[in-house]
Amino acid sequence: LIMVEIIGTFSIHCNCFIMKQSKNSLLRKNIVNYVGMRKEYLGIDLGSENTLIYSSAMEGVIYSEPTCIALDRYTHEVRETGFLASKISGKTPYNIDVIHPVKNGLIDDDEACYQYLYEVLKSLHFDRRSKMPAFVFSAPSNCSKVNRKMMIELAKKLGAKEIYIESQARLSAL
């Protein structure tokens, strides 16, 4: 497992930056230097409202939906994630809870966050791979070491071999 903090070279936080990114940009060259010669990495921004996932292989944002999950209260089975879970918020039957696993940019409920990311990656067909891409997480500036460790443990459970964490302040400067 490799855990490194990279210096302001990747931005999933800023949509306008991703739209302007080209194949030969300085960003792409720098992230290849940090991640190594890997062909693919996933940039994950777990926000309080929306989750953005950027794929280097597809060169763009491949997931942009609300960060919420609908779980069965008794069996803890996932009913819906993302947009559909946010739409049924407040309209659910008694046995379904809609949970927002991220609050103030920090992971609040680690098990719900794991289930959320697992379902999202499964819907993007990243669950059946023998070799997961490297994960680049966006962390808020007020993120403590405990929260960073929680992100690392979450990525390990998802099957990532390489994990990089960068602060949002540096990412938004790009």
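What comes next is a walk through the structure. Bear in mind that the values here come from a model prediction, so they are computed numbers and not experimental data.

1. Overview of the sheet that holds strand β5 (residues 69–72)
Consider a sheet: its strands pair through backbone hydrogen bonds, and that pairing is either parallel or antiparallel.
Here's step 1: With antiparallel pairing, the 3 strands of this open sheet are ordered in space as β6-β5-β7. Where the open sheet ends on each side, the last strands, each with one partner, are β6 (78–81) and β7 (96–99). Strand-to-strand, the axes of this sheet are offset by a mean angle of 20°, without reference to chain direction.
Here's step 2: Summarising the sheet, β5 and β7 pair through 4 bridges and their orientation is antiparallel. Opposite Leu71, over in β7, you have Asp97 as the bridge partner.

2. A short note on the pairing of β6
Here's step 1: Note: β5 against β6, 3 bridges, orientation antiparallel. Its bridge partner being in β6, Ala70 is matched across the sheet by Glu80.

3. Focus: the packing of aromatic side chains
Here's step 1: Enumeration over the complete set of coordinates arrives at 3 aromatic pairs.
Here's step 2: Note on Tyr41 and Tyr54: the rings are 6.3 Å apart at their centroids and 35° apart in plane angle, and the pair reads as tilted. Separated by 13 residues along the polypeptide, Tyr41 in strand β2 (residues 41–46) and Tyr54 in strand β3 (residues 50–55) bring together distant segments of the chain. Like Tyr41, the residue Tyr54 is buried in the burial classification.

4. Details of unusual backbone geometry
Here's step 1: In this structure, Asn104 takes a positive phi of about 55° despite not being glycine.
Here's step 2: Inspection of the secondary structure puts Asn104 in the loop between β8 (102–103) and β9 (106–107).
Here's step 3: Positive phi values are uncommon outside glycine, yet His125 reaches one of about 65°.
Here's step 4: Positionally, His125 belongs in the loop between α4 (110–123) and β10 (134–139).

5. Brief notes about helix α5 (residues 145–158)
Here's step 1: Taking 1.5 Å per residue as the helical rise, α5 with its 14 residues ought to reach 20 Å, and the 20 Å between its terminal C-alpha atoms agrees with that figure.
Here's step 2: For α5, every residue scored as buried is listed here: Asn147, Arg148, Met151, Ile152, Leu154, Ala155 and Leu158. Looking straight down α5, one finds its buried side chains confined to an arc of 160°; they lie on one side. Exposed residues on α5 whose side chains face more than 90 degrees from its buried face are Lys145, Val146 and Lys149.

6. Thoughts on the packing of α4 against α5
Any two packed helices are characterised by how steeply their axes cross, that is the angle between the axes, and by the distance between the axes.
Here's step 1: One way to put it is that α4 packs onto α5 with a least axis distance of 10 Å and a crossing angle of 45°. When the axis of α4 is compared with that of α5, the two are oblique. When you trace α4 past α5, the crossing you get is right-handed. Mapping the contact onto sequence places Asp110, Glu111, Cys113, Tyr114, Leu117, Tyr118 and Leu121 in α4 and Met150, Leu154, Lys157 and Leu158 in α5.
Here's step 2: Of the residues in the contact of α4 with α5, the class split is 8 nonpolar, no polar and 3 charged.

Rules used throughout
- Residues numbered from 1 in each chain as written.
- Predicted model: local features only at pLDDT ≥ 70, side-chain atom pairs only at ≥ 80, totals over all residues.
- Heavy atoms only, no water.
- Pairing = 2+ DSSP bridges.
- Helix = DSSP H or I, 4+ residues; strand = E, 2+ residues; numbered from the N terminus.
- Axes fitted to C-alpha atoms, helices over the stretch in contact; angles between N-to-C directions.
- Phe/Tyr/Trp six-rings, centres within 6.5 Å; stacked < 30°, edge-to-face > 60°.
- Buried < 20%, exposed > 50% of the residue type's maximum accessible area, 1.4 Å probe, protein only.
- Expected span 1.5 Å × (residues − 1).
- Arc of directions from axis to C-beta.
- Parallel < 35°, antiparallel > 145°, perpendicular 65-115°, else oblique.
- Left-handed = near helix turned anticlockwise from the far one by under 90°.
- Contact = heavy atoms within 4.5 Å.
- Nonpolar A, V, L, I, M, F, W, Y, C, P; charged D, E, K, R; others polar.

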